[in-house]
Amino acid sequence: MEFVDGKAVVVIALVVVIISAAVYISLDGEDHEKGNKDYLADALNAMYEDGDQGYPARLLILGNADLDDDLGEDDLEIVRHVAGLEEYDYVANFMCDANYDGLIDSDDVELLEQMIAKDADGHYTYNDVAYYVDCDFVVSKYHMDWPLHTSNILTQTLQMLMILDIDSIIALDDRCANSDVSRSPDNGTYWKEFAGALDYSDLGSTGSYRQISAEQYLQVAKEYGDGYLTAVMNSRYARNTAYLEKQLDNSTVQLIRIQSWERGAVCNGMLTLGYLFHKYDRAADWVEWHDSYYNAIMDKVAKLTDEERVAAVIAVLSDTDNVSMDTFDMLGVTSGEYQSLKKMGVIDVTHEYLESIGAPATSWSVSVNKETLAEIYRMYHFDFFIGTFSGPYNVGPINSSRPTADVIYDQTKSYLDKYCGKDAVTLQTFGWIYATGPHELAYIAGLANTLYGWTEFDVKKIVNESLEWMGIYDEDGSKGEYFYDYGDIEDSLYWPRLTE
């Protein structure tokens, strides 16, 4: 918090920026004027590159000047104040720039007055262009007034869409589509998570997440969305898909690169997407539910003594393409699984190792063979090995062609015993579909149980409530196939089991 003329102004302290434009020499030798938005892009990129840096707020809509979880009069007061100053630090106060023109002035005040307005029922009424900070720390634009027809990329964004606005979904990527929809080779049985609530016969296909096609997005928009599509995406770095923005420029297909698994920031993504989709109240209710468990766990973590903390690493044991991996993918900074483990107060062996080999701060994972794992254990020691696999919907028994969780566990345990010592390390495995995204509490509460024995955080209750948020919960088995309760997925979600 910074105080200017006796008033509090929320700032993001990164770099000191000269307000006026400056001239710089580009790599091609030409002179260019560098203005506030250029300095901001540099600062946001520095935030992306910093492995310890989180997003500037949870609600990442420009105009959220006080960096809390809503837009309101407090934001308006700050923007009015900054707009009235003769000088200000643009980068430190960029969230005040509601119209994202590189200035903080009366135009932002006028726009924010519209953005915070609510109807008689307390719902936001703004319905025009909004700017937000996307999952790659890039300020992006979204037309809130265009018809809302959505598609997903991978499982986490589809889970978000099902919670926020299932009726908006018009197409799926092939990771989550069944054979009636899919256009590419089989990606497993992830679709079984969604089939109880979605009518696949009415949905289009956006194709494979491995090779995303702008042409296919445009075709889906034409056939299923009256020309419009909002493709809810992940990071442009995940499959090097930054080309899509340019290819879809000036079309009525919008990309939203939202926080779903990136850096464990699903609450950021839910609130931001909720506002953009006119579903803010639904998103806020979900975040309140999430925080009711998460904050209680973090309160206990904050009280851990150094003697109580445990050393842990996390790695992928099997994934969509590989049933049994000869190497581990040790998860790093940009993965939600790593970030949640780190938040549990563990001695962070993963960070120590990745730093020792000079891995980029933005690494999602680093491949580690079994001999290297033994060396990591010898050098740093770790008490727990947390492993993920493609459960609960893409392993046995739900997917009969894949090994069951206990088989994956036994295989991993055997070489932990061989390379680290018999029973030297406690192994706990999790289905990764519930380790990031809207189901992440199943993982965080599971870690609380596993690492510290905090069984008051009831994983059964949390999983069932998470299923209910998605509309696929079945308490007594009466709803039929593709509806679930904890007992239906327990053995493909946790191994060893966390409940009796």
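Presented here is an overview of the structure given in this document. (Residues numbered from 1 in each chain as written. Predicted model: local features only at pLDDT ≥ 70, side-chain atom pairs only at ≥ 80, totals over all residues. Heavy atoms only, no water.)

Things to note about the nonpolar core
Within the largest apolar cluster, 131 residues are counted, with the highest numbers of intra-cluster contacts made by Y275, M344 and L451. No other element matches helix 8 (residues 280-302), which puts ten residues into this core. The residues touching L451, leaving out its near neighbours within four places in the chain, are V310, L341, M344, V346, F384 and I386. Membership of the second largest hydrophobic core comes to 28 residues, among which are V313, A315, I376 and Y409. (Core = buried A, V, L, I, M, F, W, Y, C linked by side-chain atoms within 4.5 Å. Buried < 20%, exposed > 50% of the residue type's maximum accessible area, 1.4 Å probe, protein only. Helix = DSSP H or I, 4+ residues; strand = E, 2+ residues; numbered from the N terminus. Contact = heavy atoms within 4.5 Å.)

A look at the packing of aromatic side chains
Throughout the structure, instances matching the rule amount to 24 aromatic pairs. Judged by centre distance (6.3 Å) and plane angle (75 degrees), the rings of W191 and Y200 are edge-to-face. According to the relative accessible area criterion, W191 is buried, its value standing at 16%. Every member of this aromatic cluster is reached through a ring pair, and the members are F328, Y377, F382, F385 and Y415. In this structure, R175 packs its charged tip against the face of Y190, placed 4.7 Å from the ring centre. Note that R175 overlies the ring of Y209, its terminal NZ or CZ placed 4.7 Å from the centroid. (Phe/Tyr/Trp six-rings, centres within 6.5 Å; stacked < 30°, edge-to-face > 60°. Lys NZ or Arg CZ within 6 Å of the ring centre and 35° of its normal.)

A few points about the side chain of T157
Mapped onto the elements, T157 comes out in helix 4 (residues 154-165). Apart from the residues lying within four places of it in its own chain, the contact partners of T157 are N152, V232, M233, I258 and S260.

Digging into the packing of helix 8 against helix 13 (residues 441-452)
Where helix 8 contacts helix 13, the two axes come as close as 11 Å, and the packing angle between them is 20 degrees. Classified by the angle between their axes, helix 8 and helix 13 sit roughly parallel to one another. Considering the relative orientation of helix 8 and helix 13, their crossing is left-handed. Where helix 8 abuts helix 13, its residues W289, H290, Y293, Y294 and I297 lie against L441, I444, A445 and A448. Per-class residue counts for the contact of helix 8 with helix 13 are eight nonpolar, one polar and no charged. (Axes fitted to C-alpha atoms, helices over the stretch in contact; angles between N-to-C directions. Parallel < 35°, antiparallel > 145°, perpendicular 65-115°, else oblique. Left-handed = near helix turned anticlockwise from the far one by under 90°. Nonpolar A, V, L, I, M, F, W, Y, C, P; charged D, E, K, R; others polar.)

Some points on the layout of surface pockets
Think of a ball as big as a water molecule: rolled over the atoms, this probe shows where empty space is left. Of the pockets and cavities examined, the largest pocket occupies roughly 800 Å³. For the largest pocket, the lining is made up of 34 residues, of which L154, A238, R239, W261 and W364 are closest to its centre. Secondary-structure elements contributing two or more residues to the lining of the largest pocket are helix 4 and helix 9 (336-343). Taken together, the residues of the lining of the largest pocket break down into twelve nonpolar, 13 polar and nine charged. Lining the second largest pocket are 16 residues, with K141, L248, D249, V253 and Q254 positioned closest to its centre. Mapped by element, the contributors of at least two residues to the lining of the second largest pocket are strand 6 (139-143) and strand 11 (253-257). The leading source of residues in the lining of the second largest pocket is strand 11, at four residues. A breakdown of the residues in the lining of the second largest pocket according to their chemical character gives five nonpolar, five polar and six charged. (1 Å grid on protein atoms, 1.4 Å probe; cavity = no way out; pocket = protein on both sides within 12 Å on 5 of 7 lines; lining within 4 Å. Points joined across faces, edges and corners; volume = space filled by probe spheres on them.)

Describing the pairing of strand 13 (residues 328-331)
Neither face of strand 13 is open: one carries F328 and M330, the other D329 and L331, and all of them are buried. The pairing of strand 12 (residues 311-316) with strand 13 spans two bridges and is classified as antiparallel. Of the residues in strand 13, the one forming a bridge with V316 is D329. Summarising the sheet, strand 13 and strand 15 (residues 365-368) pair through four bridges and their orientation is antiparallel. In the strand pairing of strand 15, F328 is matched with V368. (Pairing = 2+ DSSP bridges.)

Focus on helix 4
In an α-helix there are 3.6 residues to a turn, and that puts residues three or four apart on one side. Compared with an ideal rise of 1.5 Å per residue, which puts twelve residues at 16 Å, helix 4 spans 17 Å between its outermost C-alpha atoms and is within 8% of the ideal. All of the buried residues along helix 4 are L154, T155, Q156, T157, L158, Q159, M160, L161, M162, I163, L164 and D165. Where the residues of helix 4 are buried, they touch strand 7 (150-151), strand 8 (169-173), strand 10 (229-233), helix 7 (266-276), helix 8 and helix 14 (459-470). (Expected span 1.5 Å × (residues − 1).)

Things to note about the environment of V316
When you line up the elements, V316 lands in strand 12. For the pair V316 and D145, spaced 171 residues apart in sequence, the C-alpha to C-alpha distance is 41 Å.

Details of helix 8
By the largest-angle criterion, D291 marks the main kink of helix 8, which is about 30 degrees. Those residues of helix 8 that fall on the buried side of the exposure criterion are Y280, A283, W286, V287, W289, H290, D291, Y293, Y294, I297, M298 and V301. Taken together, the buried residues of helix 8 touch helix 4, helix 7, helix 9, helix 13 and helix 14. (Bend = angle between axes of the 7 residues up to and from the residue.)

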